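# An overview of the molecular structure
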Amino acid sequence: MTRAPDTPFEKALPMIPAQQVAKLQNALPFWMSLGLVPLALIGAWQGGLALLLLPIYAIGLTTLLDALTGLNKANPDTDTPEAGLFWYRLITLIWFPIQFATQLYLIWYATQAGHLVLWEKLLLFYGVGVMAGGIGIVYAHELMHQRTDLERWLGDLLLATVLYNHFRSEHLLVHHIHVGTPRDPVTARYNEPFHRFFVRVLRQCPVSAFRAEKAMLARKGRPWHDRGNPFWRYWALQAAMVLLVLILGGLEGLGLFLVQAFFAISLLELTNYIEHYGLTRKHLGGGKYEHVQPRHSWNASHRASNWLLINLQRHSDHHYKPSRRFPLLQTYSEAEAPQLPYGYPAMTAIALIPRLWRKHMNPRVQRWRQMFYPEITDWRAYDKGKTPMPKAR
C-alpha cells in the first residue's frame, strides 16, 4: 500500500510501506553506535594503537561502508504509527545511561591506570569526544525536538556530559527560526573557513541562546532570572557533572573530561558548518526572508553514515518538518535540495582543510545559486552576512 506525498517535494522516490518500516531488522542498523562502547573500553585497557579503533570505526569504516552500500533514496511512509517506531526510539532512550557510565568509568580508569601515558590518555578521550559528540549530541538533538518530558530531559542530560546545554535553546529558538539569515550564528558563510566559523559560534551562540530565552520570558511578563529560564537547569546539570568528575578523577580527571568535551563540541560545530555552508534564504525586503525550504540545507542519502547518525544527514527534511522523528525523515533529489558528495564522517575531515573544502563545496554552492536564485546577481551581502537582520521573535 502506498500513499500520496504529504508535501510537494516528496515525489518520484520509492516509498517504504509503514508495515515494513516497523520491522525490527530495519531498525537494527541504526544501533551501530553501540559498537563504539567496547572499542572505547578496549582502547583504554590495551593502550597504544588500540586507541585508534574507535575513531577508525566512526569515521573510516563508516565512510568505507558508505562507498560499499551506496545511497538510500527510498522514503519511509510518514504515516507510520508511533508504535511502529519503538525499536528506533529505544536506542535514543538508552544511550544516555550507556554513554554516561562509559565516560565516568573511563575517567576513573584513566586516572588510575599506570600503563597509559599522557598521549594515550589524550587519544583515548579524543575517542570519547567522538562518541559524545558524534553520537551523544546527535541523539540529544533528536530528543530535544520531541514533546515528552522524558525525551527532553534525556537530551539535556546528554548535553551536560559535554557542557553544552545552551545548544538546545540556540537550536530550537534561534537556528530553526533564523537559519539562512544573518541572525543565525551557525549558518556558515560562503568562503568562511571552519576555524573562523568555530570561533564565531563559540562566542555568539551562548549569547543568542540566552537572549532568546530572556525574550521568551519577557513576552510572558517574567524577568530573565525567573526559575522558568532553562539556563538554571543547564548550569545546575553542568555543575553537577563537573563535581562528579572531580570526585572520580580529581583535577586530572577534570582535564580529561574537558578534552572530550572540546572534541565533542568541535564535532558538533563541524556538523553545523557542513549542514548549511553557503546556503542562504532570499531576502524579500524590509527584513523579511522566504520560508525555509529543503533547498536551504545540504542533504546526504549515504546509507551507512545515516545509520550511525540516525538520519541526521536527511537534514533538508528535518528543517522542513522539524517535529518528524528520525526514522521517517525524507530524502530529496538534486532538483529539490543540494547534495553532499560524501557522508558527514568524510565531510568533517574535508572541512578541516579549507582549500580542499572549497574545492569540493564552492562549485556546488555556485550551482545551487544558479539553479534556485538566477535572479540574484550580487551575492556579496549574503556572503558576508550583511543582508538586513530579520526581526527577532
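How each quantity is defined
- Residues numbered from 1 in each chain as written.
- Predicted model: local features only at pLDDT ≥ 70, side-chain atom pairs only at ≥ 80, totals over all residues.
- Heavy atoms only, no water.
- 1 Å grid on protein atoms, 1.4 Å probe; cavity = no way out; pocket = protein on both sides within 12 Å on 5 of 7 lines; lining within 4 Å.
- Points joined across faces, edges and corners; volume = space filled by probe spheres on them.
- Nonpolar A, V, L, I, M, F, W, Y, C, P; charged D, E, K, R; others polar.
- Salt bridge = Lys/Arg side-chain N within 4 Å of Asp/Glu carboxyl O.
- Buried < 20%, exposed > 50% of the residue type's maximum accessible area, 1.4 Å probe, protein only.
- Helix = DSSP H or I, 4+ residues; strand = E, 2+ residues; numbered from the N terminus.
- Core = buried A, V, L, I, M, F, W, Y, C linked by side-chain atoms within 4.5 Å.
- Contact = heavy atoms within 4.5 Å.
- Phe/Tyr/Trp six-rings, centres within 6.5 Å; stacked < 30°, edge-to-face > 60°.
- Patch = residues over 30% accessible without salt bridge, like charges linked within 9 Å, V, L, I, M, F, W, Y side chains within 5 Å.
- Areas by Shrake-Rupley, 256 points an atom, 1.4 Å probe, with all protein chains shown as cover.
- Expected span 1.5 Å × (residues − 1).
- Bend = angle between axes of the 7 residues up to and from the residue.

Our focus in this paragraph is empty space enclosed by the protein. This model, assessed by the stated rule, comprises five cavities of 30 Å³ or more. In this model, the largest cavity occupies a volume close to 160 Å³. Forming the walls of the largest cavity are 19 residues, and the residues nearest its centre are Thr 187, Arg 189, Thr 280, Tyr 382 and Gly 385. Counted by class, the lining of the largest cavity contains six nonpolar, seven polar and six charged residues. Volume-wise, the second largest cavity comes out at about 80 Å³. Around the second largest cavity, the lining residues are Val 138, His 141, Glu 142, Leu 309, Ile 310, Asn 311, Leu 312, His 318, Arg 324, Phe 326 and Leu 329. Here the residues of the lining of the second largest cavity are counted per class, giving six nonpolar, three polar and two charged.

Across all of its chains, the model carries 14 salt bridges by this definition. Close ionic contact of Asp 226 with Arg 222 constitutes a salt bridge, the shortest N to O distance being 2.8 Å. Given a relative accessible area of 30%, Arg 222 falls into the partly exposed group. With a closest N to O distance of 2.9 Å, Glu 290 and Arg 295 form a salt bridge. Relative accessible area serves as the criterion here: at 11%, Glu 290 is assigned to the buried category. Classification of Arg 295 as buried rests on a relative accessible area of 18%. Ionic contacts of the salt-bridge type, sharing partners, join the residues Glu 82, Arg 89, Glu 151 and Arg 325 into one network.

Let's shift gears to unusual backbone geometry. The phi dihedral of Asn 191 falls on the positive side, at around 70°, and the residue is not glycine. The phi torsion at Ile 310 lies on the positive side, around 40°, for a residue other than glycine. Within the secondary structure, Ile 310 sits in the loop between helix 11 (303-308) and helix 12 (315-320).

Another aspect to go through is the nonpolar core. Ranked by size, the top nonpolar core spans 94 residues in total, and within it Phe 125, Tyr 277 and Trp 357 carry the most contacts. In terms of residues, this core owes the most to one element, helix 10 (residues 230-276), which gives 14 residues. In this structure, Trp 357 is in contact with Tyr 273, Ile 274, Tyr 277, Met 347, Ile 350, Ala 351 and Asn 362, ignoring residues within four places of it in sequence.

What follows is about the packing of aromatic side chains. A full pass over the atoms with the stated rule returns 31 aromatic pairs. On the numbers, 5.1 Å between centres and 25° between planes, the contact of Phe 96 with Phe 100 is stacked. Remark: Phe 100 and Phe 96 occur in helix 5 (residues 86-112); sequence separation between them is four residues, near one turn of the helix. Residue classification places Phe 96 among the buried residues on the basis of a relative accessible area of 12%. Look at Phe 100 and you get partly exposed, because its relative accessible area is 23%. Here a set of aromatic residues connected by ring pairs shows up, and it is made of Tyr 126, Tyr 190, Phe 194, Phe 197, Phe 198, Phe 262, Phe 263, Tyr 273, Tyr 277 and Trp 357.

On the secondary structure map, Ala 346 appears in helix 13 (residues 344-351). Take Ala 346: its relative accessible area is 15%, and that puts it in the buried class.

On to a nonpolar patch on the surface. A grouping of Leu 24, Leu 28, Phe 86 and Trp 87 is seen on the molecular surface, where their side chains present a nonpolar patch of about 370 Å² in accessible area. Its place among the elements puts Trp 87 in helix 5.

Buried residues of helix 3 (residues 36-46): Leu 36, Val 37, Leu 39, Ala 40, Leu 41, Gly 43 and Ala 44, and no others. Taken together, the buried residues of helix 3 touch helix 4 (53-69), helix 5 and helix 6 (118-144).

Another point: the environment of His 291. Among the secondary structure elements, His 291 is positioned in the loop between strand 4 (288-289) and helix 11. Placed 113 residues apart in sequence, His 291 and His 178 show a C-alpha to C-alpha distance of 9.8 Å. In this structure, His 291 is in contact with Arg 281 and His 296, ignoring residues within four places of it in sequence.

End to end, helix 14 (residues 354-372) covers 25 Å across 19 residues, agreeing with the expected 27 Å (1.5 Å per residue, within 8%). The sharpest bend along helix 14 measures roughly 30° and falls at Met 361, with the proline Pro 363 sitting one to four residues further on. Restricting attention to buried positions, one finds in helix 14 the residues Trp 357, His 360, Met 361, Asn 362, Val 365, Trp 368, Arg 369 and Phe 372. Structurally, helix 14 contributes buried residues whose contacts are with helix 10, helix 13 and helix 15 (380-383).

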